[in-house]
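# Structural overview
The residues making up each chain are set out below.
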Amino acid sequence: MGSVAEQEHPKKAFGWAARDSSEQRGSKDVTFKVLYCGICHTDLHKIRNEWKNSKYPIVPGHEIVGEVTEVGSKVEKFKVGDKVGVGCMVGSCRSCDNCANNLENYCPKMLLTYGSTYLDGTITYGGYSDFMVADEHFVIRIPDNLPLDASAPLLCAGITVYSPLRYYGLDKPGMHVGVVGLGGLGHVAVKFAKAMGVKVTVISTSPNKKNEAIERLGADAFLVSRNQDEMQAAMGTMDGIIDTVSAPHPVLPLIGLIKSNGKIVLVGAPEKPVELPVFPLLGGRKMVGGSMIGGIKETQEMIDFAAKHKISRRR
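Procedures and definitions
Residues numbered from 1 in each chain as written. Predicted model: local features only at pLDDT ≥ 70, side-chain atom pairs only at ≥ 80, totals over all residues. Heavy atoms only, no water. Salt bridge = Lys/Arg side-chain N within 4 Å of Asp/Glu carboxyl O. Pairing = 2+ DSSP bridges. Helix = DSSP H or I, 4+ residues; strand = E, 2+ residues; numbered from the N terminus. Axes fitted to C-alpha atoms, helices over the stretch in contact; angles between N-to-C directions. Contact = heavy atoms within 4.5 Å. Patch = residues over 30% accessible without salt bridge, like charges linked within 9 Å, V, L, I, M, F, W, Y side chains within 5 Å. Areas by Shrake-Rupley, 256 points an atom, 1.4 Å probe, with all protein chains shown as cover. Core = buried A, V, L, I, M, F, W, Y, C linked by side-chain atoms within 4.5 Å. Buried < 20%, exposed > 50% of the residue type's maximum accessible area, 1.4 Å probe, protein only. 1 Å grid on protein atoms, 1.4 Å probe; cavity = no way out; pocket = protein on both sides within 12 Å on 5 of 7 lines; lining within 4 Å. Points joined across faces, edges and corners; volume = space filled by probe spheres on them. Nonpolar A, V, L, I, M, F, W, Y, C, P; charged D, E, K, R; others polar. Phe/Tyr/Trp six-rings, centres within 6.5 Å; stacked < 30°, edge-to-face > 60°. Lys NZ or Arg CZ within 6 Å of the ring centre and 35° of its normal. Parallel < 35°, antiparallel > 145°, perpendicular 65-115°, else oblique. Left-handed = near helix turned anticlockwise from the far one by under 90°. Lys, Arg positive; Asp, Glu negative; His and termini not counted. Polar contact = N/O pair within 3.5 Å; in protein donor to acceptor, adjacent residues only side chain to side chain.

## Some words on the pattern of salt bridges
For the coordinates displayed, the defined rule picks out 10 salt bridges. Among the salt bridges present, the one from R166 reaches D171, with a minimum N-O distance of 2.9 Å. Through salt bridges with shared partners, a single ionic network connects R166, D171, K172 and E301.

## As for the sheet that holds strand β13 (residues 258–266)
One open sheet accounts for 6 strands, arranged β11-β10-β9-β12-β13-β14; its pairing is parallel. Of all the strands in the sheet, the pair left with one neighbour each is β11 (221–224) and β14 (287–290). Going from strand to strand, the sheet's axes swing by 20° on average, the running direction of each strand aside. Helix α5 (residues 184–195) rests against β9 (176–180) and β10 (199–204) of the sheet, and its axis sits at about 165° to β10.

## Here we look at unusual backbone geometry
Here the bond from Y56 into P57 is cis, since omega is 0°, no more than 30 degrees from zero. Among the secondary structure elements, P57 is positioned in the loop between α1 (41–48) and β3 (64–71). Unusually for a residue other than glycine, N102 sits at a positive phi of about 60°. Its location among the elements puts N102 in the loop between α2 (97–100) and β6 (111–112). Phi is positive for N261, close to 70°, though the residue is something other than glycine. One can find N261 in strand β13.

## Comments concerning a nonpolar patch on the surface
Together, L103, Y106 and M292 line one region of the surface with nonpolar side chains, adding up to about 240 Å² of accessible area. With respect to the helices and strands, the residue L103 is situated in the loop between α2 and β6.

## Here we look at the nonpolar core
Grouped together as the largest cluster of nonpolar side chains are 55 residues, with contacts concentrated most on L154, L165, V190, F192, I242 and I303. Put simply, the parts of the chain that give this core at least two residues each are α4 (157–167), β9, α5, β10, β11 and α10 (296–308). The residues contacting I303, other than those within four sequence positions of it, are I140, R141, I142, P143, L146, L154 and L155. Of all hydrophobic cores here, the second largest spans 15 residues; its members include V68, L111, Y118 and V139.

## Considering empty space enclosed by the protein
Counted by the stated rule, this structure contains 1 cavity of 30 Å³ or more. Taken together, G87, C88, M89, F138, I140, L155, I159, I293, G294, I296 and T299 make up the lining of the largest cavity. By residue class, the composition of the lining of the largest cavity is 8 nonpolar, 3 polar and no charged.

## What to know about the packing of aromatic side chains
Per the counting criterion, the structure on display carries 4 aromatic pairs. An angle of 35° between the planes, with centres 5.9 Å apart, marks the rings of F192 and F305 as tilted. A residue pair is termed long-range when its members are at least 10 positions apart, and F192 in helix α5 and F305 in helix α10 qualify at 113 residues. Three or more aromatic residues joined by ring pairs form one cluster here, namely Y162, F192 and F305. Here the guanidinium or amino end of R166 rests over the ring plane of F305, the centre of that ring lying 5.3 Å away.

## Focus: the packing of α4 against α5
In a packed pair of helices, the relevant descriptors are the angle between the two axes and the axis-to-axis distance. Where α4 meets α5, the axes come as close as 8 Å, and the angle between the chain directions of the two elements is 50°. Looking at the two axes, α4 sits oblique to α5. Crossing handedness for the pair α4 and α5: right-handed. Residues A157, G158, T160, V161, Y162 and L165 of α4 form the contact with α5, whose participating residues are G184, L185, V188, A189, F192 and A193. Within the contact of α4 with α5, the residues separate by chemical class into 9 nonpolar, 3 polar and no charged.

## Side note on the layout of surface pockets
If a probe the size of a water molecule is rolled over the atoms, the empty space left behind becomes visible. Approximately 930 Å³ is the volume attributed to the largest pocket. Considering the residues around the largest pocket, the lining is formed by 38 residues, among which C40, T42, C156, L185 and V267 are closest to the centre. At the level of elements, α1, α4 and α5 are the ones that each hand at least two residues to the lining of the largest pocket. For the lining of the largest pocket, the class distribution of residues is 19 nonpolar, 15 polar and 4 charged. Roughly 280 Å³ of internal volume is contained in the second largest pocket.

## Structural notes on the pairing of β13
Both strand β12 (residues 238–243) and β13 contribute to a ladder of 5 bridges, which runs parallel. When the bridges of β13 are listed, D243 appears paired with L266. Here β13 runs beside β14; their pairing, made up of 4 bridges, is parallel. When the bridges of β14 are listed, V265 appears paired with G289.

## A closer look at the side chain of K286
Residue placement: K286 occurs in the loop between α9 (279–282) and β14. Of the side chains with opposite charge, D239 lies nearest to the buried K286, which makes no salt bridge, at 12 Å. Looking at K286, its side chain comes within polar contact range of the main-chain oxygen of I255, at 3.0 Å. A polar atom in the side chain of K286 sits 3.1 Å from the backbone oxygen of I258.

It is worth stressing that arrangement in space is one thing and function is another; only the former is reported here.
In structure tokens, the structure reads:
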């Protein structure tokens with residue numbers, strides 16, 4: 001594949017919202033009518049510039065699904081009428097090592113669905129709009145048996161938790177995984193982990209979420225992180241933890257919950273740095289890692305897995 005600069009695309013063709021669908025299209029572009037767009041906590045971070053990297057004006061939305069209305073002359077994967085979606089990114093260089101290994105999400109030139117500066121200096125716009133246009137490479141096919149309204153958040157929240165479960169080897173039947181936080185990410189993390197055959201413990205500051213975690217989502221156990229007796233009883237019992245919390249919070253109590261060689265994966269993005277003590281990691285060869293969404297191939301894999309196991313963002 002060529003680099004971005006070498007490909008045949010007009011202004012903002014990698015991904016942009018347009019209220020006038022008559023705008024010029026590229027030969028590899030897919031245009032679709034936006035039917036649903038999820039609301040992600042990232043949208044709030046970006047609107048408020050809490051990560052200090054926002055570019056205004058901002059049209060948020062990167063959990064976008066709809067129906068194809070037009071395809072370019074060289075589009076091969078989609079046709080008019082298909083159900084499709086676009087997640088957090090709409091472009092990459094397509095030539096670096098990351099792109100070659102289906103990790104466009106880690107490409108140094110990755111273009112976010114909104115708030116990225118395009119080659120001509122304009123800003124990409126997201127899914128809070130009527131239409132979306134993107135290169136077919138960055139468009140995801142939505143299976144017919146997956147409801148569009150409930151599948152939209154999977155394009156961010158879903159892949160954000162699916163990818164680390166797979167990459168860090170926390171997807172093996174019989175493993176014990178903790179999920180910190182029961183917000184948008186936490187809900188789907190529980191569902192994906194259970195579908196993979198994993199024992200799941202939800203870890204939350206709020207005891208009021210116990211019924212939802214166990215009765216509605218199917219978690220095996222619930223742990224109140226402010227309850228020292230519960231935390232002490234769970235020490236060293238988990239193979240890994242997916243930490244979905246996007247607010248500043250202590251990591252030290254979580255380190256004690258994982259076994260030797262265990263892993264804590266941070267997927268939330270607090271606006272302030274977390275404190276990470278070293279000695280508890282040394283005593284057990286424990287790991288704290290991170291993960292950010294997933295590549296296009298893995299995102300399609302996630303959507304297909306969700307359809308097979310009837311996973312959606314619906315509670």
